[in-house]
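Here are the chains, one letter per residue:
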Amino acid sequence: MPNKKPLRANREKRHKRVVRTTLINGIIILVIIASLFIASMSLPVWQIKDAKFFGLKNLSEADARTAAQIPYGDNILLARLGAIKSRLEKLPLVRSAYIHRGFPNTIKINIAERKPFAVIMTKEGKSIVVDKDGVILGASLPKISDIPVVSGIDAKYLEKGKL
């Protein structure tokens, strides 16, 4: 009977060598893929070059752009859309904002504005535009007409941004 120990030892050595080679090849492939991914992320095609605004009626695009603070030149895949949304929704005229990426290099912003509901004339002679929830939209808006005017309210009852 031939001795099976040397055959088994050779098989185990061969198996270990195959496993080690497979692991090393796998790691090399992962490093190459990661390097290619990192290199592709820095390509100019992914840099934010434009922002398109939709739904603007009373809010000017310039005011929306200023508030949004779009990070032009940054990678579109890494742009913090939630931060842009949050900054826009701090504006009294903005009820909500929906931000999404328009590949390869455009941020698209859909804004739902608050609708003027009434003009309040204070005892002090100031005019203030409010929406149906009592949110103060501003002293005047260029595109409003046919909304009721309420007069005689004391300005001390008005909070900043809310009636």
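Up top is the structure these notes are about.
Just so it is clear, the structure is predicted and the values come from calculations on it, not from any experiment. (Residues numbered from 1 in each chain as written. Predicted model: local features only at pLDDT ≥ 70, side-chain atom pairs only at ≥ 80, totals over all residues. Heavy atoms only, no water.)

(A) Highlighting unusual backbone geometry. Going from F103 to P104, the amide bond is cis rather than trans, its omega being 10°. With respect to the element layout, P104 can be found in the loop between strand 2 (94-102) and strand 3 (106-113). In this structure, Q69 takes a positive phi of about 50° despite not being glycine. Mapped onto the elements, Q69 comes out in the loop between helix 2 (61-68) and helix 3 (81-89). (Helix = DSSP H or I, 4+ residues; strand = E, 2+ residues; numbered from the N terminus.)

(B) Fine view of the nonpolar core. By size, the foremost hydrophobic cluster in this structure holds 24 residues, and its most contacted members are I70, I84, L88, I99, I107, I109 and I111. Aside from chain neighbours lying at most four places away, what touches I84 is A68, I70, P71, I99 and I109. Within the second largest apolar cluster, 5 residues are counted, among which are A118, I120, I128 and V130. (Core = buried A, V, L, I, M, F, W, Y, C linked by side-chain atoms within 4.5 Å. Buried < 20%, exposed > 50% of the residue type's maximum accessible area, 1.4 Å probe, protein only. Contact = heavy atoms within 4.5 Å.)

(C) Spotlight on the sheet that holds strand 1 (residues 50-54). With mixed pairing, 3 strands are arranged side by side in an open sheet as 1-3-2. The strands lining the two open edges of the sheet, one partner per strand, are strand 1 and strand 2. Between one strand axis and the next, the sheet turns through 20° on average, direction left out of account. In terms of strand pairing, strand 1 meets strand 3 through 5 bridges, oriented parallel. (Pairing = 2+ DSSP bridges. Axes fitted to C-alpha atoms, helices over the stretch in contact; angles between N-to-C directions.)

(D) Inspection of helix 3 at higher detail. Of the residues making up helix 3, those classed as buried are L81, A83, I84 and L88. One side of helix 3 carries all its buried residues, which in axial view fall inside an arc of 160°. The secondary structure elements touched by the buried residues of helix 3 are helix 2, strand 2 and strand 3. (Arc of directions from axis to C-beta.)

(E) Main features of the packing of aromatic side chains. Under the counting rule described, the total for this entry stands at 1 aromatic pair. Measuring from centroid to centroid gives 6.1 Å for W46 and F103, while their planes differ by 85°, and the two rings are edge-to-face. Here W46, found in the loop between helix 1 (5-41) and strand 1, pairs with F103, found in the loop between strand 2 and strand 3; they are 57 residues apart in sequence, far enough to count as distant. A relative accessible area of 25% means that W46 is categorised as partly exposed. Owing to a relative accessible area of 52%, F103 belongs among the exposed residues under this scheme. (Phe/Tyr/Trp six-rings, centres within 6.5 Å; stacked < 30°, edge-to-face > 60°.)

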